[in-house]
Amino acid sequence: MGNVDMQFEFEEKSRIFAIHTQRSSYVFGINERDRLQHLYWGEPVTIDDCAPLLRGRSHSSFDAEVDMEAEEYSFWGGVNYDEPSLKVRMPDGVRDLLAGYVRHEIREEDGRQTLVIVLKDRVYPLEAHLLYRVIPEYDLIERSARIVNTGGDDIVLESVQSAAWSLPDLRDYRLTHVTGKWSGEFQLRRNVLSEGKKVLESRRGFTDSHANPWFAVDEGQATETDGRVWFGALAWSGNWKITAEKTVFNHVRVTGGINDFDSEWVLGAGESFDAPWFVGGYTAGGFGGMSRNLHQYQHAYVLPSSEPRKVLYNSWEATYFNVNAADQMALAERAARMGVELFVVDDGWFGQRNNDRAGLGDWYVNKEKFPNGLGELIGKVHKLGMEFGIWVEPEAVNPDSDLYRAHPDWVYHFETRPRTELRNQLLLNISKPEVKAYILQFMTELLQNHRIKFIKWDMNRTVTEPGMKDHPLHRQKELWIRHVRSLYEIWAELRRRFPHVEFETCAGGGARIDLGIFRYADQSWPSDNTDAFDRLSIQEGFSYTYAPRMMTCWVTESPTGMNKRNVSLKYRFHSAMMGTLGIGSNLNEWSDELIEQSGEFIRQYKAIRPLVQFGRQYRLADLQHKGVTAVQYVDEAGTDSAVFAFLHSQRLGEPLPRLRLQGLQADRAYAIEGLPGSWSGRALMNIGIELPLRGDFDSLLYRVTAVE
Ligand code: DGJ
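Residues numbered from 1 in each chain as written. Predicted model: local features only at pLDDT ≥ 70, side-chain atom pairs only at ≥ 80, totals over all residues. Heavy atoms only, no water.

Rules: UniProt positions are given in the numbering used here, feature names are shortened, and annotations may be inferred rather than shown by experiment.
For the chain, the name recorded in an unreviewed UniProt entry is Alpha-galactosidase, with Paenibacillus cineris as its organism. Word for word, the UniProt comment on the chain under Catalytic activity (unreviewed entry) is "Hydrolysis of terminal, non-reducing alpha-D-galactose residues in alpha-D-galactosides, including galactose oligosaccharides, galactomannans and galactolipids." Of the comments in the UniProt record for the chain, the one headed Sequence similarities (unreviewed entry) reads "Belongs to the glycosyl hydrolase 36 family."

**Some thoughts on the side chain of K310**
Applied cut-off: Labels follow the DSSP assignment, with helices taken as runs of H or I lasting at least four residues and strands as runs of E lasting at least two, numbered in each case from the N terminus. Identification of polar contacts relies on pairs of N or O atoms within 3.5 Å, with a donor-acceptor requirement for protein atoms, meaning one able to donate a hydrogen and the other able to accept it, and with residues adjacent in sequence counted only if both atoms are side-chain atoms. Should any heavy atoms of two residues lie within 4.5 Å, those residues are counted as being in contact.
Within the fold, K310 resides in the loop between α2 (286-302) and β21 (312-314). A distance of 3.0 Å separates the side chain of K310 from the side chain of E502, its partner in a polar contact. Once residues lying within four places of it in the same chain are set aside, the contact partners of K310 are E341, L342, E387, K453, E502, T580, L581 and R609.

**Looking at the pairing of strand β3 (residues 25-30)**
In plain terms, the rule: Think of it in three bands: residues with accessible area under 20% of the maximum for their type are buried, residues over 50% are exposed, and the middle band is partly exposed, with areas taken using a 1.4 Å probe on protein chains only. Strands pair, by our definition, only if DSSP identifies at least two bridges between them.
Counting buried positions along β3 yields six of six residues, so the element is predominantly enclosed. Across the two faces of β3 the burial is the same, with S25, V27 and G29 and Y26, F28 and I30 all buried. By the bridge criterion, five bridges tie strand β2 (residues 16-20) to β3 in an arrangement that is antiparallel. Looking at the pairing, F17 lines up with F28 of β3. Here β2 folds back onto β3 in antiparallel fashion, the turn holding four residues. In this sheet, strand β4 (residues 36-42) lies alongside β3 in antiparallel orientation, the contact comprising six bridges.

**What to know about the environment of I517**
Tracing the backbone shows I517 in the loop between β27 (502-505) and β28 (523-524). With relative accessibility at 0%, the residue I517 sits in the buried group. If we ignore the near neighbours within four places in the chain, the residues touching I517 are S237, L487, Y488, W491, T505 and R512.

**A word on the sheet that holds strand β1 (residues 8-11)**
The condition is simple: Axes here refer to lines fitted to C-alpha atoms; in helices the fit is confined to the stretch in contact. Angles between the N-to-C directions go from 0 to 180 degrees.
Sheet architecture is open: four strands sit in the order β1-β2-β3-β4, paired in antiparallel fashion. What marks the edges here is a single partner per strand, and that holds for β1 and β4. Going from strand to strand, the sheet's axes swing by 15° on average, the running direction of each strand aside.

**Section: the site of the ligand**
Defined as follows: The nearness test applies per residue and asks whether one of its heavy atoms lies within 4 Å of the molecule or strand. Accessible surface is estimated by sampling points in the Shrake-Rupley manner with a 1.4 Å probe; for residues, cover comes only from the protein chains shown. As a working rule, the residues Ala, Val, Leu, Ile, Met, Phe, Trp, Tyr, Cys and Pro are called nonpolar, Asp, Glu, Lys and Arg charged, and the rest polar, with Gly in that last group.
Taken together, 14 residues lie around the ligand, and D346, D347, K456, D458 and D528 are the ones closest in. At 2.6 Å from an oxygen atom of the ligand is found a side-chain nitrogen or oxygen belonging to D347. At 2.7 Å from a nitrogen atom of the ligand is found a side-chain nitrogen or oxygen belonging to D458. Protein chains bury 99% of the 290 Å² of accessible surface belonging to the ligand in isolation. Each residue belonging to the shell around the ligand can be placed in one class, and the counts come to five nonpolar, three polar and six charged.

**Details of the nonpolar core**
Applicable threshold: For our purposes a nonpolar core is just a set of buried Ala, Val, Leu, Ile, Met, Phe, Trp, Tyr and Cys residues, chained together by side-chain atoms within 4.5 Å.
Core analysis: the largest hydrophobic core is formed by 191 residues, its most contacted members being L86, Y132, I147, F343, W349, I455 and W457. Ranked by residues supplied to this core, first place goes to helix α8 (residues 479-497) with nine residues. Apart from the residues lying within four places of it in its own chain, the contact partners of F343 are Y313, Q328, L331, A332, A335, L377, V381, M386, E387, F388 and G389. In this structure, V628, V634, A645 and L664 belong to the second largest nonpolar core, which totals 24 residues.

**A few points about the pattern of salt bridges**
Rule in force here: Just to be clear on terms, a salt bridge is a Lys or Arg side-chain nitrogen sitting within 4 Å of an Asp or Glu carboxyl oxygen.
Across all of its chains, the model carries 58 salt bridges by this definition. Shared partners join several salt bridges into a network, and the residues in it are E105, R107, E109, D110, R133, R146 and D274.

**Quick look at helix α7 (residues 433-449)**
Stated precisely, the cut-off is as follows: To estimate how far a helix should extend, the number of its residues minus one is multiplied by 1.5 Å.
Here α7 contains 17 residues, and its C-alpha end-to-end distance of 24 Å stays within 8% of the 24 Å for a straight helix at 1.5 Å per residue. Along α7, the residues classified as buried are V435, I439, L440, F442, M443, T444, L446 and L447. Where α7 is buried, its residues meet α5 (373-383), β23 (387-392), β26 (454-457) and α8.

**Some remarks on the sheet that holds β27**
Read from one edge to the other, the open sheet built from eight strands follows the order β28-β27-β26-β23-β22-β21-β30-β29, with strand pairing classed as parallel. The strands lining the two open edges of the sheet, one partner per strand, are β28 and β29 (552-555). Note: β27 against β28, two bridges, orientation parallel. Within the sheet, the bridge partner assigned to T505 lies in β28 and is S524. The sheet contacts of α7 involve β23 and β26, and relative to β26 the element is tilted by about 145°.

**Describing the packing of aromatic side chains**
Rules: Ring pairs are drawn from Phe, Tyr and Trp, using the six-membered ring of Trp, whenever the two centres fall within 6.5 Å, and their geometry is named by plane angle: stacked under 30 degrees, edge-to-face over 60, tilted for the rest. When the NZ atom of lysine or the CZ atom of arginine is within 6 Å of a ring's centre and also within 35 degrees of its normal, the charge is said to sit over that ring.
Inspection of the entire model under this criterion finds 42 aromatic pairs. Between F350 and W391, the ring centres sit 5.9 Å apart and the planes meet at 10°, which makes this aromatic pair stacked. One end of the pair, F350, is in the loop between β22 (342-345) and α5; the other, W391, is in strand β23, and 41 residues separate them in sequence. One aromatic cluster in this structure is built from F10, F17, Y26, F28, W41, Y101, Y132, W165, F215 and F278. When the ring centre of W76 is taken as reference, the NZ or CZ atom of K87 above it lies at 4.4 Å. The ring of Y544 carries the charged tip of R619 above its face, separated from the ring centre by 4.0 Å.

In structure tokens form, the structure reads like this:
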């Protein structure tokens, strides 16, 4: 037994690898044809347990591919008709890959122990390095693939997927994912897979609100609290694809990575190509267990900072493009009175940006709106005790702008086609060195010349006419990858130059939210829909994958612009307090009383912020059928907790059943702030608390704390 490491195990005799986390095992082996065959993923087992699984399978000569169904990383070549992990074109035009295991090692990369398994084509100078890292405490495995051209001629990569996750034999395979649209993002969907493929993807150039790059599969009965769930989330902010494929032999494999649609990468002599990381996990703790593992992983391994997120004010819904120094200073005064910590000026402060038809790309301060520059407002904001933040959208340009008039060729386009305008704007080819330098320069000047703590980086259109002027013809399909890589490089460089600045990712709401951008972004704007009731389902879908701290939520007007729904200030605050709290109303029109009341909610939020932003989140789904949404946040010790509950509409005078809490210590006694008496954790978790919610759109917040 060659026990090479606690987490990675390899047995020479059987040629089987096992990856162990605290509560799971992931096992695959090298078969007699030197292909990697997946064997097992689930509750902890040993290599010996799995040894009998490493053998060929056959059905008929018409179904010879059955043998390859469980390939750990599937090559397109020979008898292989499933979703390939790697598809290439060799210099002589051969499009058949025949690669087998040659060696493996464990080495440190980026400060992390990484298992690297090298597979090599039998004839051509091409290697596929499969990379594995382990996060034992959260039962997660990160996977990626590095494709290496060890020869002297170009090899074209037609599809490089990050990983293929094979699932064990289950009676049913139920896929959970999210779908959405602008202002209706992160809506949960569940469907049982039948034979064939279910493809979740983006072809729009960014992550996209129509789907989000993660998946969960269970046997059909998993709940928030119980059941086995296998899941994965991809760290890529461009065109992506996750294919859940069920074969006629009941094998399910979920393959994911950069979308191969209209995509190619020319791999030159000696070059290598790194696929984005795809993190996968197994839990027996239901969807709640899945989400908490992902959240904690993001806190510890993904996010660029561990600072608490500030209570922010954002000017967008208050003043839209009609931004000026006087109004913003008045807003800042009121925001400060409420206890806001970060004042953010949104769109409209630069160039001739008086509406969405002009000015984008001209990143100089508009002197009519800010006659004394931004410095006056920033000084005022600091004097009021707040930090200052500002909105930018560097990747896009209005045709009516000085930038576009000077550089019409900087945008993606085809010479013979009209340039499609979306929100009256075009998209810059940010991988073009001049464009990248332009963005880095104006951002550097902005951040150097002003005391700015926070950047909201927006992106309000998809990619159309994907042509890159001056880029070689045979490399045009690299655009989708080049855009994302360049974006990451710009953000990384800005974070290096300005380490104190925090970033928010926004793309017309939640269209660029994924584990890739969160390596650079501290938080995100999940939706332009700020209706506090709609937000409950958006936030629920978001929370399946992403931690509450990464989600900015504003309190805005009632009735809301979106649905004209009236909900109380309390309900709006409670809904927005479940992530990173923000205010987005026109405070210049708010009464002193409203400001006072809001100040009280903000004080409450600050008191529970450590629980919301760093605690464990439990979606309490038991009363969903009664129209109740409830979410609980608990500290690591299980001694302090905040519970939010929302009632949609009371009907027929029916009282609500009790709400059972989670994550507490059974034998401790707890007090609920504002209520007389005390309860054991056992009682709170098994019998539950009464919910005095009445009427329509009622809500409450309980602080539940252990007492001696
Ligand atoms: C879309 C964003 O989602 C909004 O919050 C706002 O920043 C506007 N863009 C500004 O144009």
